[in-house]
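Structural overview
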Amino acid sequence: MKKFLALSLALAMSLSLAACGGDGGSSSGSGSGSTSGSGSAADGAQKIGISMPTQSLERWNRDGSYLDEQFKAAGYETMLTFANNETDQQVNDIQNMIADGVDLLVISAIDGEALNTVMNEAGEAGIPIIAYDRLIMNDNVSYYVSFDNYTVGTLQGQYIVDTLDLENQAGPFNIELTAGDPADNNAPYFFQGAMDQLQPYIDEGKLVVVSGQTDFDTVATAAWDTQTAMERAQNILASYYADGTEVDAWLCSNDSTSLGVTQAIQSDYAGANKSEIIITGQDGDVANLKNIQDGIQSMTVYKAVANEAVVTLDLAKAILNGDTIDETLITNSAWDFDCSYDTESYPTSEGHNCPSFLLVPDVVTADNMQEKLVDTGYYTVGDDGYLVAAG
């Protein structure tokens, strides 16, 4: 039943994306143009404030649409905003939600450390807060719903290890690294998960980071911006690979950074192995899935955000009903996907860990794309043979 609901959300989301201009749209003005009202909710329905970071990345359109449709279908009134990757705008959006009397907040933060004042305001107003996908560093956050972020990186790193067969090959193989947004609390988890798989082979000399750029702060990409990732990759290629030196793998923490790196490789790379470079990603953006089919990107770590919305709704119901919340939410909800309850891994301050519900991500490649994405109903195959959002 939960799987049917998630697939229904996928269909509804694709229609919503069309209405808001697809994966590259942006919210208008102050964000109020992207606010969902209470048209489908019954009088007296509880109100949910949903604050998303941006519409400029495809995945946040999916998340916002899934959550909005899910809560409305359950009879809640919703306020949905996108903040154009501007922290001040997100603060203003959340303050408007508080003033409007929302009963619960679902927030995916632009900057997990920049919302303290408005989180304190929500706490003083007695409004429960679910940090969605990105942890907010404030103890007023009630619960955290996300995918296992460290595992995302682990899957990316292990994919490189396995594809290069580092256990058996002598190497050396050349690799470069592109991480995510320093303001996103998830980004270091992604990067550390990958590096814990790769570092032993770097130490052994089987993997060589030719540029020497290995620390998170150096390889991070502000706002997960494709252009920024592309320009840094172009600089690395011009500085270290212009003589024909070959790069064998490029760790990219998500699809928007991977898109930038692949663009740089296609236009600026002098090596003879352009079609053989292992390039990782995360999210399953349509443009990247096309690149995977075309052999330009190797894999993406897919996170079924429709399932993340299912967990968020069931958690919100339990909070608003005053239920005791622990691992029994998982068994009582009878989800047909994997999720764990974690009270140790995600601190919001020293000595205070945020109770978390963590879903399990999955590796998608050209070989299993049909099984993982099409057969599950999240995507369909278009007339051109490439994947498109279901619906």
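For the structure, see preceding data.
Residues numbered from 1 in each chain as written. Predicted model: local features only at pLDDT ≥ 70, side-chain atom pairs only at ≥ 80, totals over all residues. Heavy atoms only, no water.

Relative to each other, helix H5 (residues 149–164) and helix H6 (residues 186–204) sit at 30 degrees, their axes nearing to 7 Å. Of the two possible hands of crossing, H5 and H6 adopt the one that is right-handed. Residues Asn149, Tyr150, Val152, Gly153, Thr154, Gly157, Gln158, Ile160 and Val161 of H5 form the contact with H6, whose own contacting residues are Asn186, Tyr189, Phe190, Gln192, Gly193, Ala194, Asp196, Gln197, Leu198 and Tyr201. In terms of residue class, the contact of H5 with H6 is made up of nine nonpolar, nine polar and one charged. (Axes fitted to C-alpha atoms, helices over the stretch in contact; angles between N-to-C directions. Helix = DSSP H or I, 4+ residues; strand = E, 2+ residues; numbered from the N terminus. Left-handed = near helix turned anticlockwise from the far one by under 90°. Contact = heavy atoms within 4.5 Å. Nonpolar A, V, L, I, M, F, W, Y, C, P; charged D, E, K, R; others polar.)

One pass over the structure, following the stated rule, counts nine aromatic pairs. Geometrically, the ring pair formed by Phe191 and Phe216 is tilted, given 5.8 Å between the ring centres and 55 degrees between the ring planes. With Phe191 in helix H6 and Phe216 in helix H7 (residues 216–219), this pair connects stretches of sequence that are 25 residues apart. Taking relative accessible area as the criterion, Phe191 reaches 6% and is therefore assigned buried. Phe216 sits in the buried class, given a relative accessible area of 16%. (Phe/Tyr/Trp six-rings, centres within 6.5 Å; stacked < 30°, edge-to-face > 60°. Buried < 20%, exposed > 50% of the residue type's maximum accessible area, 1.4 Å probe, protein only.)

A few words now on the nonpolar core. Judged by nonpolar contacts, the single largest core of 77 residues is most densely connected at Phe71, Val106, Leu177, Leu198, Leu207, Leu315 and Phe357. Here this core gets 10 residues from one element, more than from any other, and that element is helix H11 (residues 305–321). What Leu177 contacts, discounting residues up to four positions off in sequence, is Phe191, Met195, Leu198, Val209, Gln213, Thr214, Val219, Arg232, Trp250 and Leu251. Val91, Ile107, Ala131 and Ile136 belong to the second-largest nonpolar core, a separate cluster that totals 23 residues. (Core = buried A, V, L, I, M, F, W, Y, C linked by side-chain atoms within 4.5 Å.)

With that out of the way, let us pick up the pattern of salt bridges. For the structure on display, the rule yields 14 salt bridges. Between Arg134 and Asp184 there is a salt bridge, with the nearest N and O atoms lying 2.8 Å from each other. On the criterion of sequence distance, the pair formed by Arg134 in the loop between strand S4 (129–132) and strand S5 (143–147) and Asp184 in the loop between strand S6 (173–178) and H6 is long-range, its members being 50 residues apart. With respect to class, Arg134 is no different from Asp184; both count as buried. A salt bridge links Lys206 to Glu204; the shortest N-O distance between them is 3.9 Å. Of the residues examined, Lys206 reaches a relative accessible area of 11% and is grouped as buried. In this structure Glu204 comes out as exposed when scored by relative accessible area, which is 53%. When salt bridges with common partners are traced through the structure, they connect Arg59, Asp63, Asp133, Asp283, Lys303 and Glu308 into a single cluster. (Salt bridge = Lys/Arg side-chain N within 4 Å of Asp/Glu carboxyl O.)

Axis separation between helix H8 (residues 226–240) and helix H9 (residues 255–268) bottoms out at 7 Å; the angle between their running directions is 40 degrees. Our classification of the angle between H8 and H9 gives oblique. Here H8 and H9 pass one another in a crossing that is right-handed. Between H8 and H9, the residues in contact are Thr226, Ala229, Met230, Ala233, Gln234 and Leu237 and Ser256, Thr257, Leu259, Gly260, Val261, Gln263, Ala264, Ile265, Ser267 and Asp268, respectively. (Parallel < 35°, antiparallel > 145°, perpendicular 65-115°, else oblique.)

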